[in-house]
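A structural walkthrough
Listed below are the residues making up each chain.
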Amino acid sequence: MGHTSNLSVSGRTSAHDDFVDTSSSTPVINRYSRRVSVCAEAFNPDEDEEDTEPRVVHPKTDEQRCRLQEACKDILIFKNLDQEQLSQVLDAMFERRVEPQEHVIDQGDDGDNFYVIERGLYDIFVARDGQSRCVGRYDNHGSFGELALMYNTPRAATIVATTDGALWGLDRVTFRRIILKNNAKKRKMYEIFVESVPILKSLEPSERMKIVDVIGEKNYKDGDRIIAQGDKADCFYIVESGEVKIMMKSKTKSGQESNQEVEITRCKRGQYFGELALVTNKPRAASAYAVEDVKCLVMDVQAFERLLGPCMDIMKRNITHYEEQLVALFGSSMDLRDPGK
Ligand code: CMP
Ligand code: CMP
């Protein structure tokens, strides 16, 4: 595993005596280590580990730091971190280059690192009943490898690079110390809200909490475009506060798209949008704009497909309602379902 070896460790207390060896893919903490084995490890978010755990720091050039910040700016599980937590995460990340056909993660393995994609294409394979199936692909952005670290489970999928690629890794110990602690806070913050979201009603409480673990909160100002009609889709949104206006370019008599946008509907607290393109595998059917200040909970397409299976029937049924809305507005029928058109 080719990551940088120029490692240093910083700590706020006497952690300089500690030693974190990240020259192997799994960091080994030699002192103050509570890790017995991967599966025995438990996390207690109420325990403040920050003063006893050493910090992992991989020094970076300004150029590397810039690339890292760019790769991490839309990573959803980093969205709720405070400034200090984010800077500890960025300090701990290390660069890893991969080649076509390289397996970054193998299903069934223990989890060592979490990865953020800087560039490259990566196929996702899930094996079930002895059959391996490609269930999706990361295309030059996103992240993977959080599940085994969050839930102490074996890797749930195999990730294979199909091009040359560049990744940023975050070791298991730092991931758990910072991201899990933050997730405990997120669960408390969003528990009541996600229970009230109609589309999530059919899920078990534990399934709703798994959604909270992987979502990120995004804030928008009045007039901000959240989704652009025609764009490739990679996220799903639930409105947490404020109002979102869905606008569509109207069709002219000759069937051409005009530049004039028509308001179709508004989404308020607890309502969702941005599912259609993910379900149909088509570009965004409409644009979405913030009306005054808006907060949304955002989920990436991989989590959407993995966690919202039980809600899919309701979402698909709602497409008929969208089509009726469009007939009422534009007079002509529109096929929103046909994939790839
Ligand atoms: P992890 O189980 O740690 O390692 C494999 C990763 O693949 C997993 O975390 C997720 O980040 C990612 N992944 C993407 N799609 C899926 C899927 N459908 N099922 C399981 N894991 C997935
Ligand atoms: P998507 O196509 O991903 O992005 C635009 C979103 O607008 C779409 O998903 C729906 O969630 C939402 N929307 C609301 N009403 C309609 C409608 N009548 N037709 C299409 N999209 C709609």
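Residues numbered from 1 in each chain as written. Chains lettered and ligands numbered in written order. Predicted model: local features only at pLDDT ≥ 70, side-chain atom pairs only at ≥ 80, totals over all residues. Heavy atoms only, no water.

Some thoughts on the packing of helix H1 (residues 62-72) against helix H2 (residues 83-92)
Our working rule: For every element, the axis is a line fit to its C-alpha atoms; helices are fit only across the contacting stretch, and the angle between N-to-C directions ranges from 0 to 180 degrees. Numbering of helices and strands starts at the N terminus; helices are DSSP runs of H or I of at least 4 residues and strands are runs of E of at least 2. Here the word oblique covers every angle except those under 35 degrees (roughly parallel), over 145 (roughly antiparallel) and from 65 to 115 (roughly perpendicular). Whether a crossing is left-handed or right-handed is set by the direction in which the near helix is turned from the far one by less than a right angle, anticlockwise for left-handed and clockwise for right-handed. We call two residues in contact whenever any of their non-hydrogen atoms come within 4.5 Å of each other. Charged means Asp, Glu, Lys or Arg here, nonpolar means Ala, Val, Leu, Ile, Met, Phe, Trp, Tyr, Cys or Pro, and polar covers whatever is left, Gly included.
Running from amino to carboxyl end, H1 crosses H2 at an angle of 120°, the nearest separation of the two axes being 11 Å. Relative to H2, H1 is oriented oblique. In the packing of H1 onto H2, the handedness of the crossing is right-handed. For the pair formed by H1 and H2, the contact residues are Arg65, Leu68, Gln69 and Cys72 on the first element and Ser87, Leu90 and Asp91 on the second. Here the contact of H1 with H2 is built from residues that sort into three nonpolar, two polar and two charged.

Remarks on the site of ligand 1
Note the threshold: Note on terminology: near, applied to a residue and a molecule or strand, indicates that one of the residue's heavy atoms is within 4 Å of it. N or O atoms closer than or at 3.5 Å make up a polar contact, with two conditions inside protein: a donor-capable atom paired with an acceptor-capable one, and, for residues adjacent in sequence, both atoms drawn from side chains. For accessible areas, the Shrake-Rupley method is used with a probe of radius 1.4 Å. Any residue's cover is judged against the shown protein chains and nothing else.
Neighbouring ligand 1 are 15 residues, the closest being Gly145, Glu146, Ala148, Arg155 and Ala156. A distance of 2.6 Å separates an oxygen atom of ligand 1 from a polar side-chain atom of Glu146. Protein coverage of the free-state accessible area of ligand 1, which is 450 Å², stands at 91%. If you list the elements that add at least two residues to the shell around ligand 1, you get strand S8 (121-128), strand S9 (131-139) and helix H3 (147-151).

Observations regarding the pattern of salt bridges
Definition in use: Here, a salt bridge means any Lys or Arg side-chain nitrogen found within 4 Å of an Asp or Glu carboxyl oxygen. Partly exposed residues are those whose accessible area sits between 20% and 50% of the maximum for their type, while under 20% is buried and over 50% is exposed, using a 1.4 Å probe and protein chains only.
Evaluated as defined, the whole model comprises 17 salt bridges. Arg97 is the salt-bridge partner of Glu95, the closest N and O atoms lying 2.5 Å from each other. In this structure, the salt-bridge partner of Lys221 is Asp293, at a minimum N-O distance of 3.8 Å. Here Asp293 lies in strand S18 (residues 287-300) and Lys221 lies in the loop between strand S13 (216-220) and strand S14 (225-227), a separation of 72 residues in the sequence. Here Lys221 matches Asp293 in class, with each residue exposed. Linked through salt bridges whose partners overlap, the residues forming this network are Glu63, Arg67, Glu95, Arg97 and Glu118.

Points about the packing of H2 against helix H4 (residues 172-196)
For the pair H2 and H4, interaxial distance at closest approach is 10 Å and the crossing angle is 155°. When the axis of H2 is compared with that of H4, the two are roughly antiparallel. The crossing of H2 and H4 is left-handed. Residues Gln85, Gln88, Val89 and Ala92 of H2 form the contact with H4, whose own contacting residues are Thr174, Arg177, Ile178 and Asn182. Each residue belonging to the contact of H2 with H4 can be placed in one class, and the counts come to three nonpolar, four polar and one charged.

Comments concerning the confidence of the model for the protein chain
Threshold: Confidence of the predictor at the level of single residues is given by pLDDT, which spans 0 to 100.
Summary statistics for the protein chain give a mean pLDDT of 86 and a share of 82% for residues scoring 70 or more. Predicted confidence is poor over residues 1-42, with pLDDT under 50, and the contacts of this stretch with residues over four places away or in other chains come to 89 contacts.

Looking at the sheet that holds strand S6 (residues 103-105)
Worth spelling out the cut-off: A pair of strands counts as paired when DSSP detects no fewer than two bridges linking them.
Here we have four strands laid out as an open sheet, ordered S6-S11-S8-S9, and antiparallel in their pairing. Looking along the sheet, the strands with just one partner apiece sit at the ends: S6 and S9. Ignoring which end each strand starts from, the neighbouring axes of this sheet average 30° apart. Where S8 and strand S11 (residues 158-161) come together, four bridges link them in antiparallel fashion. In the strand pairing of S11, Ile124 is matched with Ile159.

Brief notes about the nonpolar core
To keep things clear, this is the line we draw: Side-chain atoms within 4.5 Å are what join buried Ala, Val, Leu, Ile, Met, Phe, Trp, Tyr and Cys residues into a set we call a nonpolar core.
Judged by nonpolar contacts, the single largest core of 74 residues is most densely connected at Phe78, Met93, Val244, Phe273 and Leu308. Per-element accounting of this core gives the leading share, eight residues, to strand S15 (residues 235-251). The residues contacting Val244, other than those within four sequence positions of it, are Ile226, Val239, Thr265, Arg266, Cys267, Phe273, Ala288, Tyr289, Val294 and Cys296. Counting 14 residues, the second largest nonpolar core, distinct from the first, contains Val104, Ile117, Tyr122 and Tyr138.

Things to note about the site of ligand 2
Inspection of the region around ligand 2 gives 17 residues, with Gly274, Glu275, Arg284, Ala285 and Gln325 positioned closest. In this structure, an oxygen atom belonging to ligand 2 sits 3.3 Å away from a main-chain N or O atom of Leu276. Tyr322 has a polar backbone atom sitting 3.3 Å from a nitrogen atom of ligand 2. Against a free-state accessible area of 460 Å², the protein chains account for coverage of 99% of ligand 2.

Focus: the sheet that holds strand S7 (residues 113-119)
Strand order in the open sheet made by the four strands is S5-S12-S7-S10, with antiparallel pairing throughout. The sheet terminates laterally at strand S5 (94-98) and strand S10 (143-144), the two strands that pair on one side only. Relative to strand S12 (residues 165-171), S5 runs antiparallel, the two being bridged by five bridges. Paired with Arg97 across the two strands is Ala166, which belongs to S12. Of the strands in this sheet, S7 and S12 touch H4, which is tilted by about 65° from S12.

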